[in-house]
Amino acid sequence: MRKFLKIQGSVLLLLSAIIISCSRTDDETPNFPEGSTESVNVWVQDSMRRYYYWAEQMPAKPDYHLSVKDFFKSLLAPQDRFSFIVNTADSSTYPRSVRNMYGFDYATLQLGNGEVVTVIKLVLKSSPALNAGLERGMIIRKINGQTITASNAEQLTSSIPDQNILELTVGTWNNGSVINEKNITVYYGYSFEQPLMAKVFEQNGKKTGYLYIYDFPDGMTGALNQKFTEFKAAGVQELVLDLRYNYGGSVSSAAALCALIPAGISANSQFITYKGNKNGGEVKRTFSQQIAYDSNALDFSTLRANSLNLNKVYILTSGSTASASEIVINNLKPYMQVIQAGNVTLGKDMAGFVIDDKRKPKKISWQMHPVIYKVFNANGEGGYSNGITPQIPVNEYSGLPLLPLGDSDEILLASVLNKIYSKSAHIQSPSQEAKVIVESDSPFIGFLKLNSK
């Protein structure tokens, strides 16, 4: 059962059983031959009526003759940006993105002088992009031989996930121009699990820990515990979490991270509240309970032994900060001061688990990922569907070239290090303007996992 309750974006939840050969909920629903598209759509409808957060907004008489994917879409509430369905027997139905296909992300910018540039903002470790020679900060001049311009940027870059081979012309930004251009071929492939990156900065006797977290997979408590053991041994007094590109993942792993930071919490301190439809109701989870949903996690008391016991934390964010990472921001607030720097987060204040056919043998290959819960912190605070706004707004593209993550002069990190080490609360932003035209990771971000990724 634990393996089944997987939530991407928010939470692992809480209905006692998820065996979904759901019973018929509408006596007026017609009977269709088993195996037909219409019969699959009835199964989709019954499942959604039971679990979907906005079930009461579903149409009373949907068109059962639509394709399964279109039928699912017809059931969704207008405000739902995140629910999706895939056919496990057809890989073409899965969402495609530059990051999950090639292992990098980019942003196309219009600079203050009107020039358009496309900058690589993220390259995953052990990825096709890294193996091909791509690096954060490189400028993409051409895609498959076509020069990127203001007029074609969105169309040209959005075509990348439709291809299995990319021919890129890239260069290095130097004093307002691109130099050292070269051609690189990137092949579609797999990116391996991303490591944590930690550093300790020291100035005037004050030590600041920096931790970059790419995502929240299950089973990461050991790695988190090790980094905080090192922070504690080093005498870290301030902490910066870099969640700017973190889509989310396991809520249990997010809870484990939160357990390692503030002073004054116990195993029974409330971590999260899940609120579902009339069937799901409301469920509260303590730190200890939520961490334990990952069967491989270290327990709360083991983690707390290496807690930094801080009263304040700095968190770097962007529009790619979503789900479990937003939970970290929101759910630490009842227990400490959270100072956020960067850009507004995505606004995924919800969770859901996978719904599929549990019969043996399985008769339906479709798999649903609907919104099932809204999530709230110990003070009942949530409702950040428009994103969480930083106290320190910083545009990480306002100075090129982009420096490596973890570099003390990198724009976002420098903004908080300056606040930590400067007597002045004023943050001096770089002077270069940069308006984002399109970003590769903005169209789709998958769900959080309630207990597993």
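Anything mentioned here points back to the structure above.
Residues numbered from 1 in each chain as written. Predicted model: local features only at pLDDT ≥ 70, side-chain atom pairs only at ≥ 80, totals over all residues. Heavy atoms only, no water.

Description of the nonpolar core
One finds Val44, Leu241, Leu257, Ile261 and Val328 to be the most contacted residues of the largest nonpolar core, which totals 73 residues. Looking at this core element by element, the count peaks at seven residues for helix H7 (residues 251-259). Among all residues touching Val44, those that are not within four sequence positions of it are Val68, Phe71, Phe72, Leu75, Ile85 and Met368. Grouped together as the second largest cluster of nonpolar side chains are 22 residues, Tyr210, Ala341, Val394 and Leu405 included. (Core = buried A, V, L, I, M, F, W, Y, C linked by side-chain atoms within 4.5 Å. Buried < 20%, exposed > 50% of the residue type's maximum accessible area, 1.4 Å probe, protein only. Helix = DSSP H or I, 4+ residues; strand = E, 2+ residues; numbered from the N terminus. Contact = heavy atoms within 4.5 Å.)

Digging into the pattern of salt bridges
Counted under the stated rule, the structure contains 17 salt bridges. Here Glu238 ties to Lys312 by a salt bridge, and the two come within 3.9 Å at their closest N and O atoms. Pair noted here: Glu238 is in strand E10 (residues 238-242) and Lys312 is in strand E13 (residues 312-317), with a separation of 74 residues, a long-range link. On the basis of relative accessible area, Glu238 is assigned to the buried category, the value being 10%. In this structure, the salt-bridge partner of Lys358 is Asp356, at a minimum N-O distance of 3.7 Å. On the basis of relative accessible area, Asp356 is assigned to the buried category, the value being 8%. Several salt bridges converge on common partners, so that one network encompasses Arg136, Asp242, Arg244, Glu396 and Glu410. (Salt bridge = Lys/Arg side-chain N within 4 Å of Asp/Glu carboxyl O.)

What to know about the packing of aromatic side chains
Evaluated as defined, the whole model comprises 15 aromatic pairs. Taking the centre distance of 6.3 Å and the plane angle of 55° together, the rings of Phe287 and Phe300 count as tilted. Here Phe287 is found in helix H8 (residues 287-292), whereas its partner Phe300 is found in helix H9 (residues 300-304), with 13 residues between them in sequence. With a relative accessible area of 0%, Phe287 lands in the buried category. (Phe/Tyr/Trp six-rings, centres within 6.5 Å; stacked < 30°, edge-to-face > 60°.)

Comments concerning helix H6 (residues 221-234)
In this model H6 runs 20 Å from its N-terminal to its C-terminal C-alpha over 14 residues, within 8% of the 20 Å that 1.5 Å per residue would give. Packing partners of the buried residues in H6 comprise strand E8 (197-203), strand E9 (206-212), E10, H7 and H9. (Expected span 1.5 Å × (residues − 1).)

Section: the packing of helix H1 (residues 37-51) against helix H2 (residues 68-75)
At a minimum axis separation of 10 Å, H1 and H2 run at an interaxial angle of 30°. Between H1 and H2, the interaxial angle falls into the category roughly parallel. Where H1 crosses over H2, the two elements pack in a sense that is right-handed. Here Thr37, Val40, Asn41, Val44, Gln45 and Met48 of H1 come into contact with H2, specifically with Val68, Phe71, Phe72 and Leu75. (Axes fitted to C-alpha atoms, helices over the stretch in contact; angles between N-to-C directions. Parallel < 35°, antiparallel > 145°, perpendicular 65-115°, else oblique. Left-handed = near helix turned anticlockwise from the far one by under 90°.)

Function-wise, these values are silent; they only describe arrangement.
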